[in-house]
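The residues making up each chain are set out below.
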Protein chains: 2
Amino acid sequence: MVLALVELIPIPTPLIKPGEDLVDVLLKTMRSLNLEFKDGDVLAIADKAVAVSKGSIVNLKDVIPSQKALTLSKRCGLEPAFVEVVLKEADAILGYVERAILTLKASILVANAGVDRKNAPAGTVTLWLKDPDEAAREIKRKLEAETGKRLAVLLVDSRVNPLRMGTTGFTLGLAGFKPVEDCRGQLDLYGKPLLITRINIADDLAAAAHLLMGEGANMVPAVIIRGAPIELNENYTSKNLLINPKECLYVKGFKRLSDVQF
Amino acid sequence: MVLALVELIPIPTPLIKPGEDLVDVLLKTMRSLNLEFKDGDVLAIADKAVAVSKGSIVNLKDVIPSQKALTLSKRCGLEPAFVEVVLKEADAILGYVERAILTLKASILVANAGVDRKNAPAGTVTLWLKDPDEAAREIKRKLEAETGKRLAVLLVDSRVNPLRMGTTGFTLGLAGFKPVEDCRGQLDLYGKPLLITRINIADDLAAAAHLLMGEGANMVPAVIIRGAPIELNENYTSKNLLINPKECLYVKGFKRLSDVQF
């Protein structure tokens with residue numbers, strides 16, 4: 001029996017600078033490592049690296065904080081200009097703790113609306129790309145044209161999870177594969193049909209890649225995931241990872257949780 | 001330069017039955033595949049397989065539903081006996097959608113308090129183990145005694161995440177490694193110190209393993225994760241993955257989110 005092994009291959013690159021072509025840097029690095037893509041590889045890329053290369057950056061000294069930003073800044077201990085950028089980027093502000101504001105952005109629950117000082121050039125913050133799926137498609141098109149291989153691309157960010165310590169990877173954008181496996185109707189080990197289960201393959205992949213990317217000066221903006229159980233398919237985006245809030249198990253429970261005495 | 005490759009190696013076993021020794025089954029399967037552990041390997045095991053082998057199972061026909069279970073059963077469309085088991089297992093009931101109840105159990109937000117009919121013998125449901133960390137330590141002790149290797153063990157379950165479609169893997173119990181990397185004080189790519197970042201390595205690993213375990217009749221109750229960037233260490237449990245709810249970014253935001261008009 002042949003084992004279906006999955007490999008996670010880190011691509012450690014030089015520092016990505018604003019304006020640089022990320023695909024060129026990745027391919028050059030891979031050549032220097034004698035590393036080649038294979039058909040069906042998933043290239044997971046840190047969205048931060050894409051944001052920097054595309055200049056999705058704001059210089060904080062150019063930002064004039066509003067009164068609302070000044071007030072929130074005092075409460076959460078983040079500097080006023082940073083908070084102002086978060087207010088501009090967020091679709092809704094939901095709460096805060098010391099040094100982090102819970103926001104809803106592009107239907108995703110995330111700290112600080114994806115605005116991040118970490119690994120951004122000095123004095124600046126990075127913003128989420130306006131269209132992470134289009135960025136993923138663009139990278140995929142260029143990689144496929146250069147290599148002749150059929151690939152999937154995953155833009156990875158990280159976030160904390162409710163009542164858990166620390167960040168895990170999640171999917172910000174994707175191209176070229178089916179991100180959710182619908183198991184409804186499949187049979188379990190005892191032949192009973194599964195009634196509600198779907199698997200978020202994209203977020204599992206993003207978490208796996210996040211393990212090797214780290215959060216600091218790891219210099220691993222990209223990871224090849226080889227042998228993953230994915231279906232290559234051009235018809236999906238990260239929007240397929242969203243659930244109707246009315247069907248979300250957490251949304252109705254949130255109010256109640258805030259009443260629980262811990 | 002040597003690439004630090006991570007490998008995910010699935011161990012497809014025969015069906016695990018109540019009372020069977022899971023470690024014996026895994027080692028026998030590995031021998032038949034010419035597969036050996038190496039020092040530093042993480043063995044990720046589906047908690048469901050451990051629960052079945054240890055008989056952490058309830059036969060639904062032995063359960064008499066309470067009035068509360070009958071009422072909730074009508075609202076969420078789950079059968080009364082199942083709901084009764086959930087009510088017994090849960091520390092708090094927070095909400096429900098069609099076919100799933102949001103609960104708090106062992107400080108973890110999870111559907112149905114971890115009670116699951118999926119991949120349980122016909123007519124039964126599996127329950128979370130009373131002490132998943134002790135179960136992980138027990139598996140680790142036996143594996144290390146049999147193989148002479150130094151290993152880490154991770155018990156993996158899956159759950160849905162707020163506003164996301166589908167399940168991802170998370171950590172229910174662990175033994176032998178440090179599950180959270182505290183990056184505070186590390187420098188980022190530009191030499192700025194990280195202020196609040198920690199990485200939930202255990203949940204990233206659990207998600208990676210979940211990719212290969214699937215949710216149906218995959219018959220892959222265990223995955224070896226080889227080459228993962230972990231620190232072997234005996235001093236941690238899954239309790240180190242919990243955050244003080246007062247410091248949790250989501251807890252204060254939950255109430256507000258329930259007011260957002262989607």
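Position numbers for residues count from 1 along each chain, tracking the sequence in the order it is written. Each chain is given a letter, starting from A, and each ligand a number, starting from 1, according to the order in which they appear as written. Only residues with pLDDT of 70 or above have their local features reported here, since the model is predicted, and side-chain atom pairs are shown and tallied only from 80 upward, although totals for entire chains, interfaces and linings are computed over all residues. Side-chain figures throughout are based on the complete set of non-hydrogen atoms in the structure, without hydrogens or water.

Enquirer: I'm lost on the sheet that holds strand 5 (residues 100-105) of chain A in this one. Help?
Expert: Hydrogen bonds between backbone groups are what pair the strands of a sheet, and the pairing can be parallel or antiparallel. Residue and element names in this part refer to chain A. Two strands make a pair as long as DSSP finds a minimum of two bridges between them. Numbering of helices and strands starts at the N terminus; helices are DSSP runs of H or I of at least 4 residues and strands are runs of E of at least 2. On the basis of which strands lie adjacent, the open sheet formed by three strands has the order 4-5-6 and antiparallel pairing. Two strands close off the open sheet at either side, each with one partner strand: strand 4 (92-97) and strand 6 (108-111). Strand-to-strand, the axes of this sheet are offset by a mean angle of 20°, without reference to chain direction. Across five bridges, strand 4 lies against strand 5 in antiparallel orientation. Paired with Tyr96 across the strands is Ile101, a residue of strand 5. Relative to the sheet, helix 3 (residues 67-76) contacts strand 4 and strand 5, its axis offset from that of strand 4 by approximately 30°. This element, helix 4 (residues 80-89), spans strand 4 and strand 5 of the sheet and lies at about 20° to strand 5. Lines fitted to the C-alpha atoms define the axes, with helices restricted to the stretch that makes contact. Angles between their N-to-C directions range from 0 to 180 degrees. In what follows, a contact means two residues having at least one pair of non-hydrogen atoms within 4.5 Å.

Enquirer: Teacher, can you tell me more about the relation of the copies chain A and chain B here?
Expert: Put simply, the second copy of the chain is the first one after a rotation about an axis and a shift along it. For the least-squares superposition of copies, only C-alpha atoms count, and only for residues with pLDDT at least 70 in both. Laying chain A over chain B is done by rotating through 180° and shifting 0.0 Å along the axis; what remains is an RMSD of 0.0 Å. What the rotation and shift describe, once combined, is the action of a two-fold rotation axis. A shared interface surface links the copies, since 100% of the contact residues of chain A are contact residues in chain B too.

Enquirer: Just to check I follow, could you spell out the domain arrangement of chain A for this structure?
Expert: When the parts of a complex come together, some accessible area is lost, and that lost area is often taken as the interface size. Residues and elements named next belong to chain A. Segment limits for the domains were obtained from an automatic or database-derived domain assignment. As assigned here, chain A comprises domain 1 (1-47 + 132-256) and domain 2 (57-128). A straight line from the C-alpha centre of domain 1 to that of domain 2 covers 26 Å. The interface of domain 1 with domain 2 comprises ten residues on the first partner and ten residues on the second. Interface area, domain 1 with domain 2, both sides summed: about 800 Å², of which 61% is carbon and sulfur. The term buried area denotes the loss of accessible surface (1.4 Å probe radius) that occurs when two parts are joined, taken as the sum for both partners. Taken as a group, Arg159, Glu215 and Leu242 account for 42% of the area that domain 1 buries against domain 2, more than any other trio of residues on that side. We count a salt bridge whenever a side-chain nitrogen from Lys or Arg sits within 4 Å of a carboxyl oxygen from Asp or Glu. Inspection of the region where domain 1 meets domain 2 yields zero salt bridges. As used in this structure description, the phrase polar contact means that two N or O atoms lie within 3.5 Å; if the pair is within protein, one of them must be able to donate a hydrogen and the other to accept it, and residues adjacent in sequence are counted only when both atoms belong to side chains. Taken together, the connections running from domain 1 to domain 2 amount to two residue pairs in polar contact (both at pLDDT 80 or more). Looking at the side of domain 1 that touches domain 2, the elements with two or more residues in it are strand 8 (152-160) and strand 9 (167-175). Under the convention adopted here, Pro, Cys and the residues Ala, Val, Leu, Ile, Met, Phe, Trp and Tyr are nonpolar, Asp, Glu, Lys and Arg are charged, and Gly plus all remaining residues are polar. Per-class residue counts for the side of domain 1 that touches domain 2 are five nonpolar, one polar and four charged.

Enquirer: Honestly, the interface of chain A and chain B in this entry has me stumped. Any pointers?
Expert: Opposite the 98 residues of chain A that make contact, chain B presents 98 residues. Its largest share of buried area at the contact with chain B, chain A owes to A:Arg164, A:Met165 and A:Leu249, together 10% of the area lost on that side. Among the ionic pairs, A:Arg164 bridges to B:Asp203, the shortest N-O distance being 3.0 Å. At the junction of chain A with chain B, the criterion picks out 28 residue pairs in polar contact (both at pLDDT 80 or more). For the side of chain A that touches chain B, the class distribution of residues is 63 nonpolar, 17 polar and 18 charged. Sheet topology note: the strand 1 (residues 6-11) of chain A/strand 1 (residues 6-11) of chain B ladder contains three bridges and is antiparallel. Each residue of the ladder has a partner; that of A:Glu7, found in strand 1 of chain B, is B:Glu7.

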